[in-house]
Structure formats: structure tokens, C-alpha cells
Amino acid sequence: MSNPSHGSTRRHTALPKAQILIEALPWLTRHNGKTVVVKFGGNAMIDEELKAAFAQDIVFLHHAGLKPVVVHGGGPQISAALDRHGIVSEFKAGLRVTTEDAMDVVRMVLAGQVQRELVGLLNQHGPLAVGLTGEDAHTITATKHQPEIDGELVDIGRVGEITAIDTGAIEALLADGRIPVVSSIARSQDDHHVYNVNADTAAAALAAALGAETLMVLTDVEGLYEDWPNSDEVISRLTAGQLEKLLPELASGMVPKMEGCLHAVRNGVNTARVIDGRVQHSILLEIFTDEGIGTMVVPDDEEAGDDA
């Protein structure tokens, strides 16, 4: 005869799992059919466990009825490859100086290494991911970007400023039930070369052009800090206007991420979030739980009470 207490113990241990699933229900309903652009970067790109967890999260979003689009750069991998080729990594105004030789390496690393690995991780879960770069089907077009340093325009080589986005190829892939994985390389508007574009900027531009529900940017910090370094309190929510006031005070690495968030919510994206990519399954925690993690930016007309 079976032990009756055994069944009740099993039921009790299973109950928290059911409660977690039920907590996700309103978010599943809200996000069903919506496009989510995720910028993959930081430690999540290097640590094997975090990479695998990221792939699981993206596939989960797909099967939960969302339409994820992944955008990636590859700073550490590019630096390592340039070292191997004997090309010195130089940065000006927070951007990599990209000579013609360096651009060949950037293109090779992003499209031939980082993207391939990510597509492979996603496709362990089914025939889902398709890789492309901004060159494909005119997805991202750019012109030469010249940053201003001390009042002077500086030539930093093949670094691009995005001038146009064509979402046709990405939308076709989404309609076909695929997960697009986009490398942050752009075609040139005015010559036959290509440009290296900042992946945070590319993700924000794509999110706006796709009319995405959400832009999520993975970083190596918990979010935007209230008063760093005096406090490690994270600002959980702020409007575009509040963010704009904070921009001049931010650390240089956070600027393109937060400028991207600002661009996205000012151009039709409902929410933009900076989340800690060092936390396994941070994407699921942010989208499907009541607490959420990281910092969320909303348009100026959002009331403070709504934290979807």
C-alpha cells in the first residue's frame, strides 16, 4: 500500500512551481505577439553558463508567443582578434578607431564567429535562429561618424552613424517563426565599404523601426545607479525626460546604452530596460515577474504607477 503522506509532500513541493507560472500569466498575456529587441553583450557573451542561459531565455520568449530579435556586438572578441593580427586597439570618445584592416577583422569576428556561436546555441533548441548583418537586405545603412573631441571633429575610420533602417528581412523572418540574430555592421550609404556601428545604438534603432514593445540591453551592472559611487541603489524606473537630465553625469560605457533607451522610447517603443546580464535568466525575470530587475525607461507621458 502506498504511503498517503508521500503524495501530499510531492504536491506541496510542486505548488511553488505552479505559483511561479501563474505569476507569469498577466505578462504572457500582455506580451503575446509583441516584438522584443534584445542587445546581447557584456559577460553574458563570454561566460559559457550565461551564454547557454541567454539562449534558453530567447527560445523561451519565442515559445511563449513573443517575437525576439537579438542584436550583438563583440568588443572583447574583436580586441582579441586584433591582437592576434598585430593590430593595436585604440579608442577615441569611447569608440573603437576602425582602420580598413581593423574593419576586415571586425566583420570577420562579428559575422563569422560571435554570430555563428549564438545562432548555434539557439538552434540547439530547434531550427529557429537565422543570422544576418546590417549589410543584408539593406537592414542598417550608415555614413561616417566623426565624434567631436575638444571642439574638433576626429576621424576614427570606418565607424558608422546609422542613417536608415530597412526592417523587411527581419520582419519576414519573424513572420516565418524565426529568431533573427543581427551583427552590428552597416552598409555604407555613399561608398562600397561597410561600417562598424555601436551595437547598443543599432539595437535601439532596430527596436524603433520595428515598433517593438520593448528594448532590453544586457550590461555588466545591475542597472542605472541612483548616486554612484556613493550608493548602489538602482533606479528601477524613470521617464525619458528624467533620463535625459542624467545623461551628462553617466559613466562613458553607460552613455550609448542609455542614449539607445532614450531614442527607443522617444520613437514608439513602450519600454526600454537595462538589465544585469551577469544574472542567469535575467531576461525572464525582467519580462515575466512582478518585481522585474534593472532599470526601466518609459516615455514621458507614462504615469508613474504603471510599471509594465
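Look up a bit, the structure's there.
Quick look at the structure, then. A quick note: this is a predicted structure, and the numbers were derived from the prediction, not measured. (Residues numbered from 1 in each chain as written. Predicted model: local features only at pLDDT ≥ 70, side-chain atom pairs only at ≥ 80, totals over all residues. Heavy atoms only, no water.)

**Quick notes on the overall build of the protein chain**
(1) Moving on: Helix and strand content of the protein chain: 9 helices and 15 strands.
(2) Moving on: Relative to the globule expectation of 19 Å for 308 residues, the C-alpha radius of gyration of the protein chain, 20 Å, shows essentially globular dimensions.
(3) Moving on: In terms of principal-axis extent, the alpha carbons of the protein chain reach across some 80 × 40 × 35 Å.
(4) Moving on: Each of the 308 residues in the protein chain was classed as buried or not, and the buried ones make up 48%.
(5) Moving on: Across the protein chain, contacts joining residues at least 24 apart in sequence account for 73% of those joining residues at least 6 apart. (Helix = DSSP H or I, 4+ residues; strand = E, 2+ residues; numbered from the N terminus. Rg over C-alpha atoms; globule rule 2.2 N^0.38 Å. Buried < 20%, exposed > 50% of the residue type's maximum accessible area, 1.4 Å probe, protein only. Contact = heavy atoms within 4.5 Å.)

**Some points on helix α4 (residues 100-122)**
(1) Moving on: With 23 residues, α4 should reach 33 Å at 1.5 Å per residue; the first-to-last C-alpha distance of 32 Å fits that figure.
(2) Moving on: The largest bend in α4 is about 35°, located at Q115.
(3) Moving on: Of all the residues in α4, the buried ones are A102, M103, V105, V106, V109, L110, V114, Q115, L118, V119, L121 and L122. (Expected span 1.5 Å × (residues − 1). Bend = angle between axes of the 7 residues up to and from the residue.)

**Section: empty space enclosed by the protein**
(1) Moving on: Counted according to the given criterion, the structure contains 2 cavities of 30 Å³ or more.
(2) Moving on: A44, L50, A53, F54, D57, L218, G277, V279, Q280, H281, S282 and I283 together form the lining of the largest cavity.
(3) Moving on: Those elements that provide at least two residues to the lining of the largest cavity are α2 (48-63) and α9 (282-288).
(4) Moving on: Of the residues forming the lining of the largest cavity, the biggest block, 4 residues, is contributed by α2. (1 Å grid on protein atoms, 1.4 Å probe; cavity = no way out; pocket = protein on both sides within 12 Å on 5 of 7 lines; lining within 4 Å. Points joined across faces, edges and corners; volume = space filled by probe spheres on them.)

**Concerning a negative patch on the surface**
(1) Moving on: Among the surface-exposed residues, E222, E226, D227, D232 and E233 lie close enough to one another that they form a single negatively charged patch.
(2) Moving on: Structurally, the position occupied by E222 is in the loop between β12 (214-219) and β13 (237-239). (Patch = residues over 30% accessible without salt bridge, like charges linked within 9 Å, V, L, I, M, F, W, Y side chains within 5 Å. Areas by Shrake-Rupley, 256 points an atom, 1.4 Å probe, with all protein chains shown as cover. Salt bridge = Lys/Arg side-chain N within 4 Å of Asp/Glu carboxyl O. Lys, Arg positive; Asp, Glu negative; His and termini not counted. Charge placed at Lys NZ, Arg CZ, Asp CG, Glu CD.)

**Quick word on the environment of A81**
(1) Moving on: Looking at where A81 falls in the secondary structure, it is placed in helix α3 (residues 75-84).
(2) Moving on: Between the C-alpha atom of A81 and that of V105, which follows or precedes it by 24 residues, the distance is 7.0 Å.
(3) Moving on: In contact with A81, not counting residues within four places along its chain, are V105 and V109.

**Quick notes on the packing of α2 against α4**
(1) Moving on: Relative orientation of the contacting elements α2 and α4 amounts to 60°, with a least axis distance of 9 Å. Classified by the angle their axes make, α2 and α4 are oblique. The hand of the α2/α4 crossing is right-handed. Of the residues in α4, those in contact with E48, K51, F54, A55, I58 and V59 of α2 are E117, L118, L121 and L122. (Axes fitted to C-alpha atoms, helices over the stretch in contact; angles between N-to-C directions. Parallel < 35°, antiparallel > 145°, perpendicular 65-115°, else oblique. Left-handed = near helix turned anticlockwise from the far one by under 90°.)

**Some words on the layout of surface pockets**
(1) Moving on: Volume-wise, the largest pocket comes out at about 1,200 Å³.
(2) Moving on: Every residue lining the largest pocket is counted, 43 residues in all, and those nearest its centre are L95, N198, A199, D200 and P256.
(3) Moving on: Mapped onto the lining of the largest pocket, the elements with two or more residues apiece are α3, β4 (95-96), β9 (160-165), α6 (199-210), β12 and α8 (255-266).
(4) Moving on: Residue contributions to the lining of the largest pocket peak at 6 residues, all from α8.

**Topic: unusual backbone geometry**
(1) Moving on: Positive phi is not limited to glycine here, since A137 has a value of about 50°.
(2) Moving on: Here A137 is to be found in the loop between β5 (129-134) and β6 (140-144).

**Some thoughts on the pattern of salt bridges**
(1) Moving on: Counted under the stated rule, the structure contains 15 salt bridges.
(2) Moving on: Of the charged contacts, one joins D155 and K144 as a salt bridge, the two residues approaching to 3.1 Å between their closest N and O atoms. Within this pair, whereas D155 is found in the loop between β8 (152-153) and β9, its partner K144 is found in strand β6, the two being separated by 11 residues in sequence.
(3) Moving on: On the basis of relative accessible area, D155 is assigned to the partly exposed category, the value being 47%.
(4) Moving on: Here K144 falls in the partly exposed class, since its relative accessible area comes to 35%.
(5) Moving on: Residue D191 is joined to R158 by a salt bridge in which the shortest nitrogen-to-oxygen separation is 3.4 Å. A residue pair is termed long-range when its members are at least 10 positions apart, and D191 in the loop between β10 (179-188) and β11 (194-196) and R158 in the loop between β8 and β9 qualify at 33 residues.

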